[in-house]
Amino acid sequence: MMKNICIYSFVFLLNFTTAFSQSRREQLREIKKFQKELNKEYRTPSTTPLRAENLKNFTQHPFFPINLKYRVQATLEKIAGAPPFEIQTSSGKTKTYQEYGKLHFSVEGKPYTLTVYVSPALMKDPAYSDYLFLPFHDATNGTETYGGGRYIDLRIPKGKTLTVDFNKAYQPYCAYNAYDYSCPIVPVENTLPIRIEAGVKYDDVYHH
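Reading the values: the criteria
Residues numbered from 1 in each chain as written. Predicted model: local features only at pLDDT ≥ 70, side-chain atom pairs only at ≥ 80, totals over all residues. Heavy atoms only, no water. Helix = DSSP H or I, 4+ residues; strand = E, 2+ residues; numbered from the N terminus. Contact = heavy atoms within 4.5 Å. Salt bridge = Lys/Arg side-chain N within 4 Å of Asp/Glu carboxyl O. Buried < 20%, exposed > 50% of the residue type's maximum accessible area, 1.4 Å probe, protein only. Core = buried A, V, L, I, M, F, W, Y, C linked by side-chain atoms within 4.5 Å. Phe/Tyr/Trp six-rings, centres within 6.5 Å; stacked < 30°, edge-to-face > 60°. Lys NZ or Arg CZ within 6 Å of the ring centre and 35° of its normal.

Undergrad: Got a minute to help me understand the environment of Tyr112 in this structure?
TA: Within the fold, Tyr112 resides in strand β4 (residues 110-118). A sequence separation of 82 residues divides Tyr112 from Ile194, and the C-alpha atoms of the two residues are 9.9 Å apart. Tyr112 has contacts with Leu103, His104, Phe105, Val107, Leu192, Pro193 and Ile194, leaving out every residue within four places of it along the chain.

What follows is the structure, given as structure tokens:
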């Protein structure tokens, strides 16, 4: 009987380890796909925000090393009936957004909260009707990353949880081209007091 229990325990542990390894590989593939597609977007004249010499000299983005501790499961607390409001942009104009909810999550055991937004205009497009906008500041801004903060694209989940992968954090277009783009400024409430060493770094060549 004891022998059978040991065998079952070993098989369970083996299956769990295999499933965990496969899940980790899938997560890494997903992040590498994001990096590859972002590099392609910036190299392609029809989709890049880069102009002139910046486009000519671009090869690929600098990225922080992939770190899955920055891929977190967040609880979504929806905000009912939030009114539209105007977010200031880098050009001095405003863009209309609504608060969709609060994301509650932990990094290295410490709890944090960020607000996610929806764009009423963008939601009219079927391709982006479930799009969530997550702008944030962290302690890398102004050194390794753009001083104005970074963004993450998310989708409205069916349930009350969703994955926030900071390895997919990127700079707004205006970080690379302040003349052609007007980008929402990260609200003060979305400031994390820690270093998020994940996602896209910022090259000094683009500083204005």
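Undergrad: What's the story with the pattern of salt bridges in this structure? I'm lost.
TA: For side chains bearing opposite charge, pairing can occur when the charged atoms are close. Taken as a whole and assessed by the stated rule, the structure comprises 10 salt bridges. For Lys69, the salt bridge goes to Glu108, with nearest N and O atoms at 2.6 Å. Taken together, the residues span a long stretch of sequence, with Lys69 in the loop between α2 (52-57) and β1 (71-78) and Glu108 in the loop between β3 (94-107) and β4 at a distance of 39 residues. Among the salt bridges present, the one from Arg195 reaches Glu197, with a minimum N-O distance of 2.7 Å. Note on Glu197: relative accessible area 33%, which makes it partly exposed.

Undergrad: When you look at the environment of Leu50 in this model, what are you seeing that I'm missing?
TA: Here Leu50 shows up in the loop between α1 (2-43) and α2. A relative accessible area of 1% means that Leu50 is categorised as buried. C-alpha separation for the pair Leu50 and Tyr206, spaced 156 residues apart in sequence, amounts to 9.7 Å.

Undergrad: Whenever I open this one, the nonpolar core confuses me. Can you help?
TA: A general feature of soluble globular proteins is that nonpolar side chains tend to end up buried together. Leu103, Phe105, Leu154, Val164 and Phe166 are the most contacted members of the largest nonpolar core, which has 24 residues in total. Taken together, the elements giving at least two residues each to this core come down to β1, β3, β4, β5 (131-136), β6 (150-155) and β7 (161-165). The contacts of Leu154, once residues within four sequence positions are left out, are Leu103, Val116, Asp130, Tyr131, Leu132, Leu134, Leu162, Thr163 and Val164. Membership of the second largest hydrophobic core comes to 22 residues, among which are Tyr117, Phe133, Ala175 and Val200.

Undergrad: I'm lost on the packing of aromatic side chains in this one. Help?
TA: Aromatic rings in a pair are described by how distant their centres are and how their planes are angled relative to each other. For the structure on display, the rule yields 14 aromatic pairs. On the basis of an interplanar angle of 65° and a centroid distance of 5.4 Å, the ring pair of Tyr146 and Tyr202 is categorised as edge-to-face. Within this pair, whereas Tyr146 is found in the loop between β5 and β6, its partner Tyr202 is found in the segment after β7, the two being separated by 56 residues in sequence. Pair check on accessibility: Tyr146 and Tyr202 agree, each one buried. Taken together through their ring pairs, the aromatic side chains of Tyr42, Phe58, Tyr146, Tyr173, Tyr176, Tyr181 and Tyr202 make up a single cluster. Positioned above the aromatic ring of Phe64 is the side chain of Lys201, whose terminal nitrogen or guanidinium carbon lies 5.0 Å from the ring centre.

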